[in-house]
There are 6 protein chains.
Amino acid sequence: MGAIEVALDPARELAPPPIVTLRRTVSGALEEDLGRGDITSWATVPADARGGASVRAREACVLSGMPVVCEVFRQLDEGVEIELLAAEGSRLEPGAEVARLRGSSRSLLAGERVALNFLQRMSGVATLTRAHVDALPAGSRTRIADTRKTTPGLRALERYAVRCGGGHNHRDDLSSAVMIKDNHIAACGGLERAIERARTQAPHTSRIECEVDTPEQLTRALAAGADIILLDNFSNEAVAKAVVECAGRALLEASGGIDLARVAALAGAGVDVISVGALTHSARAVDLGLDWED
Amino acid sequence: MGAIEVALDPARELAPPPIVTLRRTVSGALEEDLGRGDITSWATVPADARGGASVRAREACVLSGMPVVCEVFRQLDEGVEIELLAAEGSRLEPGAEVARLRGSSRSLLAGERVALNFLQRMSGVATLTRAHVDALPAGSRTRIADTRKTTPGLRALERYAVRCGGGHNHRDDLSSAVMIKDNHIAACGGLERAIERARTQAPHTSRIECEVDTPEQLTRALAAGADIILLDNFSNEAVAKAVVECAGRALLEASGGIDLARVAALAGAGVDVISVGALTHSARAVDLGLDWED
Amino acid sequence: MGAIEVALDPARELAPPPIVTLRRTVSGALEEDLGRGDITSWATVPADARGGASVRAREACVLSGMPVVCEVFRQLDEGVEIELLAAEGSRLEPGAEVARLRGSSRSLLAGERVALNFLQRMSGVATLTRAHVDALPAGSRTRIADTRKTTPGLRALERYAVRCGGGHNHRDDLSSAVMIKDNHIAACGGLERAIERARTQAPHTSRIECEVDTPEQLTRALAAGADIILLDNFSNEAVAKAVVECAGRALLEASGGIDLARVAALAGAGVDVISVGALTHSARAVDLGLDWED
Amino acid sequence: MGAIEVALDPARELAPPPIVTLRRTVSGALEEDLGRGDITSWATVPADARGGASVRAREACVLSGMPVVCEVFRQLDEGVEIELLAAEGSRLEPGAEVARLRGSSRSLLAGERVALNFLQRMSGVATLTRAHVDALPAGSRTRIADTRKTTPGLRALERYAVRCGGGHNHRDDLSSAVMIKDNHIAACGGLERAIERARTQAPHTSRIECEVDTPEQLTRALAAGADIILLDNFSNEAVAKAVVECAGRALLEASGGIDLARVAALAGAGVDVISVGALTHSARAVDLGLDWED
Amino acid sequence: MGAIEVALDPARELAPPPIVTLRRTVSGALEEDLGRGDITSWATVPADARGGASVRAREACVLSGMPVVCEVFRQLDEGVEIELLAAEGSRLEPGAEVARLRGSSRSLLAGERVALNFLQRMSGVATLTRAHVDALPAGSRTRIADTRKTTPGLRALERYAVRCGGGHNHRDDLSSAVMIKDNHIAACGGLERAIERARTQAPHTSRIECEVDTPEQLTRALAAGADIILLDNFSNEAVAKAVVECAGRALLEASGGIDLARVAALAGAGVDVISVGALTHSARAVDLGLDWED
Amino acid sequence: MGAIEVALDPARELAPPPIVTLRRTVSGALEEDLGRGDITSWATVPADARGGASVRAREACVLSGMPVVCEVFRQLDEGVEIELLAAEGSRLEPGAEVARLRGSSRSLLAGERVALNFLQRMSGVATLTRAHVDALPAGSRTRIADTRKTTPGLRALERYAVRCGGGHNHRDDLSSAVMIKDNHIAACGGLERAIERARTQAPHTSRIECEVDTPEQLTRALAAGADIILLDNFSNEAVAKAVVECAGRALLEASGGIDLARVAALAGAGVDVISVGALTHSARAVDLGLDWED
């Protein structure tokens, strides 16, 4: 994966997707799309034909996914050469060239769609994330974070794409942090008891996050010592009041009903984290494509 | 899967997703989200607590994905009971109740997110497809079709969701039909030769589709005997002319740069198929959620 | 896989097996045969012993499977060198040398059986296919085609072997084309209705094939617009009449009870496709073996 | 799997295939054949249609594979009911009814081909094995045994089929017994040394088998204490002489160039085991099919 | 899994292992041990023989692993009935009966070894953990925690076993919490900078843990705001001083060179967590076995 | 894997673990520990930082597992270079350097724990085995053997570790040899009948082992022609008497209640095999670690 590492901008220290998971995901995607093989190319493209292509942005976007593209072609044909021309996480203008590919025409054609399916989707996530990050006031310390509302099977890649867009990751999965919601509170017999039990039982490396629906619950959660409080569907004003009340005793996370228009206000109010399910569940694919050389 | 079958409206004869693939996909998604287990519920919810919840639409949408939801809970806990209240592919009003779940509270909480991640995404695809189908003129025989621009790993489920929305499926993968594009033509030494070679080599069960960029190519593809011709990025007017020229000698498919606004005009022009990558690559999740019983 | 590509005769443009599936199939076969390891070679062959061997035909046959053989040894030991001396699909005389292997003796011995199990079986399929193809009259345009009667788990490789023998592939699987049989007709309420429904619902890239048992059904299937008609267990004479009646309105496929002796007559009658389950379900292994160098 | 157990004749104590491997193999086969689903049945068969079918022999054969057939339908649809009417390993006359199936027509149609692909192949192996066993003289204690020349991925099922035919299994894989061949002898520096090293290093539960090409090697292998001696390509006369020389000091196995015609003579000569690669590498499928109820 | 749930003591609210992972792990273990099947039982035990057995402790221990035992037999044969007689996590006297099994003798024999391999190992982990927990002074709030030094492939099950023994889990894996060690500090250019960067980049749900080797590093880590400080190889006295200095500003974890003899002193000193790699990397199997009924 | 082979001492002819299984096991372990990635290193270690480390023994032990360590890093990053400095199976003094690693600091840190988890466990097995082998009298021909009491999922690696410690392997799994225990005898209706049936039905390559509890059973098992007799929980004296009675007619294996202290006496009594479950089920991890270069 040497070529890919080179392309990552060391200054951004972008955390890459885990290679073993990436490799398994790509194998599955290739089997899914290849079926018993690319019958069109077999019929029309000579086995020894070689070609080249450029990956180009066809609209302004943020790049994410070239390590996956490299793995797609590596699995199909180690003879495909890829020159990376843009760093993951970089902003691309329409027409920007991202990479150059060269190798067997059949291999390039066989991998094109799978490669682009990953790249367009991941860059879509990165681009939507970047839009939210860019909506933060200058110098803001508020984070834009993802959620567990990811595409089944693609969580590691989508969380990476969020990082490419300048966002942060929320907890990975149900076992990596505590998030107490109203059902837990009801089943446990009260907010304070739920926080207490979680503190007692969860790994000491995990923070205790508690979701609250009302200012009154916020007060109780703070008193009970929650490390993080998720303000669920709070208005901008309610968030601002919560920040004042909290006074740094816990991290505050705004979530639910967030859109781009509210980001600046929420950040201005001083909330620590804004988590946005749409980053992964509703990002549209961005248009990146292959331009074939003549 | 008896309960699910019951819920499918026999009159629509909706083709279900293949169960073996569905089962494998769900296992992977559950391992991805559960990690080493749901530490929050373990800490706060008694092992013997039981609860119930309704799956409800929170916006108008078309339903797709309840067989996947059922499989999620079946894998987690065979004791969870699901009553299905709406047919796959049905139009839901905001607030419509789709299903009732009852069982171990821990099991319901552990499966909620994965179940909704599938359901919201698939219903999103179905809803966007339905919008395109609804844009067809009354009585139109034009099809709205998907493409291979699906989410890696979820092709079978997304194609099913397209069917739930009233759409049709395009070829499954690279081996199930021939699609000749400009690169194939260039590598093969001409459009006629590419069609001829494909006809000679591809399975006789596969139609030969050829993508054309210009009216002149259309004329040549028709003469060469293509079964289907993809009109790539043709204007509405160019499509209309193509229909006239084709005169039923081949199926015509419009693709590239299609949006909802053009569907009526394209169908009115008499094109056979409108294929829309956005159905699967850019559908946003629709809001379906769990309302917990008190 | 560069070395393998070189060995494929570009003039034949033989469509290779999909590499990702091939790789997975080989891994499984190696785990199956190696168990906890080759205890005989461990005990008797020094770890640093190196050897060589020739793959040779021990009877006349058609070669298929060397890409699989290469992958077997690549997975076991990247240090094994393979020189390919005969093209896939080529006719071999008894004694013909197909490849030379050189490397660690332990690796060669550990992989020998799995490699030959693939090679003998695939070459068996190719050889039986070639016998059918050779039975076609000179200049015939009739195809010899396989069926879905393949070995579970080996479909992609066996279809490739059929191509190596000069045969053609039928539909890949249940989702890649429509094949209406008598049960579908009975369940659907008539042949015409079944064809109509399939045309309405199946992907537009798929041809509609309908199996018929009688000349009367043939007439109805032609009238209903089937793209392909499978003549099930028709005599040579009945096939000849069907060709006349069809007059090019549909492709005709003869199937059921075909043996080598009937191929010439059926092709002479002008049928388009002869599909033969035996190509994959009853081909015997051909004798290819390893001759070890002294 | 209760229904299957019932069908196995307790008197024969037929050793079943391992269920976990069987289950995994069937899952893979179903995914391979279903692709994205059975588009023909979806289009033509109502979701609520139910049907029945009989599995029948269409030629004389020995039955093997119904546990696999049961698993195929169990994975597709737990509602399919199967009544088993013939025991595994039983001899079937043409027309014999083996089982009755009843359930959703779509499920029956979707599983038919995969089920038969297993059943025809396994019954083919059982039938060919039985032919060899039947060729033994009455009262003979000679075994007909399989080899490692099995279909990649299907070893456990094919070995079970051999048992259904009255045959015995040879070693499972490279790790479950020692088999010294000429290459091992050459690499080790002599037959005696190879046997000695194997005896010293292999698990004490494994017998030491040595392949010999000449009577002189036989003498040496006996002297060196081999537990089993494989007489490779010995004539009937040479085998008879070997039996005399061996005088019960080792088990003798005849292999290589065996055909049905030689079985009686070899057994008559008193060889302990006749191993036949063809049982698994060259058995043709036997004709078992589904007769649908009207 | 109903029977298992019943056996879990609701008062302890023991967090179970995730079922999907458990199921996959058991499948793999069964394939590993069954190979092509249990040839001894096939030969000697009638197919219809039924038997019973009791799982009993043969030494004092803490029970962990019965849900895995249940899954082993469920996968082999759904007809095996298991009555659970002791709760997971309970202390067993020598001779205590843990469960009664009844079903096909072949199934019981085939699953015995795999079931016990899991049960003995997991109960070994639980027992060793319990010994450490019991060594804590009465009323102590110090936790005994595991580490990432688990058996490859069994992490979820071993962490569950730790919980059965009254221990707590540390972070699940490299992605679920931050742990800064000396290499990170060196690569990052200083302890303060490493903590700062981790706080900036890691998920906000994760606490920041920093390992320190000296009291001076402890002072710096506290000043830098680490949430948890791992005191690596500190003497009991040094730990006591650290607790005083820390004064509740961070959680303190003692690790490295811990043995049972030091637990009381370390807890007495007030450390929050004692993490012990030996719980999972060096627990010996405890003796639990099957007593067969006559 | 060339580098690894070099490190294996050709004189010991140590049988390596099967590479395909090793590779799959390592992939699983890496996914298990990496989760969505190493968030600590991402935050604190520059992407282009390179480092080095030595693998060193921190206590006296026998080395086993470096091929696994190599595979761990190969899967993570092919750029990591490993120089092997000690042969598998060699005895290490405290402080001995086993290997030098050099490469990306992030890759080294990401793989460290998984690599050591394998290495410490496997070297623990090898070390415990070696202690038993060393307890044999000089010149003894008695074998120390493992059992099926291995860690689920790691059997191939643990059996290799036993070989590294100078031990021998028992049967691989339930299908690779016959082991008749009291339950089989009871179900079969007598020891003689069980041995007879096993001899009749098991592969001829498998020896027939029979477990006996009393001298009387031993006499019967010898008379019945068992190849191997397992003396279960016999005292040293009883074993000695058994050896005399057996007089070489069968291999004798002592098992049950063996500890290191009894090995010399048992071997002195002339038993052929001493099998010790503790080698794999109760070996503690030995302390091998990474020393990072400054």
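For clarity, every value in this text was computed on a predicted model and none was experimentally measured. (Residues numbered from 1 in each chain as written. Chains lettered and ligands numbered in written order. Predicted model: local features only at pLDDT ≥ 70, side-chain atom pairs only at ≥ 80, totals over all residues. Heavy atoms only, no water.)

Enquirer: How do you make sense of the relation of the copies chain A and chain B when you look at a structure like this?
Expert: Mapping between the two chain copies consists of a rotation about an axis together with a translation along that axis. Least-squares fitting of chain A to chain B yields an RMSD of 0.0 Å, with the superposition described by an axial translation of 0.0 Å and a rotation of 180 degrees. What the superposition gives is, in effect, a two-fold axis relating one chain to the other. In this assembly the copies share their binding face: 100% of the residues contributing to the interface of chain A also contribute to that of chain B. (Least-squares fit on C-alpha atoms with pLDDT ≥ 70 in both. Contact = heavy atoms within 4.5 Å.)

Enquirer: Looking at this structure, I do not really get the state of the cysteines. What am I missing?
Expert: Among covalent bonds in proteins, the disulfide is the one between the sulfur atoms of two cysteines. Residue and element names in this part refer to chain A. Here the structure, examined in full by the defined rule, presents zero disulfides over all chains. Cysteine 188 carries a free sulfur, and the closest cysteine sulfur to it, the one in cysteine 210, is 11 Å from it. Under the relative-accessibility criterion, cysteine 188 is labelled buried at 6%. (Disulfide = S-S within 2.5 Å. Buried < 20%, exposed > 50% of the residue type's maximum accessible area, 1.4 Å probe, protein only.)

Enquirer: Please explain helix α9 (residues 215–224) of chain B as it appears in this structure.
Expert: Every α-helix winds through 3.6 residues per turn, so residues three or four apart in the chain are directed the same way. Residues and elements named next belong to chain B. Those residues of α9 that sit buried are Gln217, Leu218, Ala221, Leu222 and Ala224. Here the buried residues of α9 occupy an arc of 165 degrees about the axis, which is enough to place them on one side. Along α9, exposed side chains directed more than 90 degrees from the buried face belong to Pro215 and Ala223. Check the buried side of α9 and you find it contacts α7 (182–188), α8 (191–201), β8 (208–212), β9 (228–232), α10 (236–246) and β10 (251–255). Phi for glycine 225, located one or two positions after α9, is positive at around 90 degrees. (Helix = DSSP H or I, 4+ residues; strand = E, 2+ residues; numbered from the N terminus. Arc of directions from axis to C-beta.)

Enquirer: Would you take a moment to explain the domain arrangement of chain A for this structure?
Expert: Many analyses report the size of an interface as the accessible area lost when the parts associate. Residues and elements named next belong to chain A. The assigned domain composition of chain A is domain 1 (4–134 + 284–293) and domain 2 (143–281). Using only C-alpha atoms to locate each centre, domain 1 and domain 2 end up separated by 34 Å. Contacts between domain 1 and domain 2 engage 29 residues on the former and 20 residues on the latter. Interface area for domain 1 against domain 2, summed over the two sides, is near 1,900 Å², with a carbon-plus-sulfur share of 72%. Per-residue buried area on domain 1 facing domain 2 is highest for Val125, Thr129 and His132; these three make up 32% of the total on that side. The tally of links from domain 1 across to domain 2 stands at zero salt bridges. Counting every contact that joins domain 1 to domain 2 gives four residue pairs in polar contact (both at pLDDT 80 or more). Counting only elements with at least two residues in the side of domain 1 that touches domain 2, the list comes to α2 (19–34), α4 (66–76) and α5 (105–134). At 11 residues, α5 tops the list of elements feeding residues into the side of domain 1 that touches domain 2. (Domains from an automatic or database assignment. Buried area = accessible area lost by both parts, 1.4 Å probe. Salt bridge = Lys/Arg side-chain N within 4 Å of Asp/Glu carboxyl O. Polar contact = N/O pair within 3.5 Å; in protein donor to acceptor, adjacent residues only side chain to side chain.)

Enquirer: Before we go on, may I ask you to explain the relation of the copies chain F and chain E in this structure?
Expert: Relative to chain E, chain F is turned by 180 degrees and slid 0.0 Å along the rotation axis, the superposed coordinates differing by an RMSD of 0.0 Å. A symmetric contact is evident, with 100% of the interface residues of chain F recurring at the interface of chain E.

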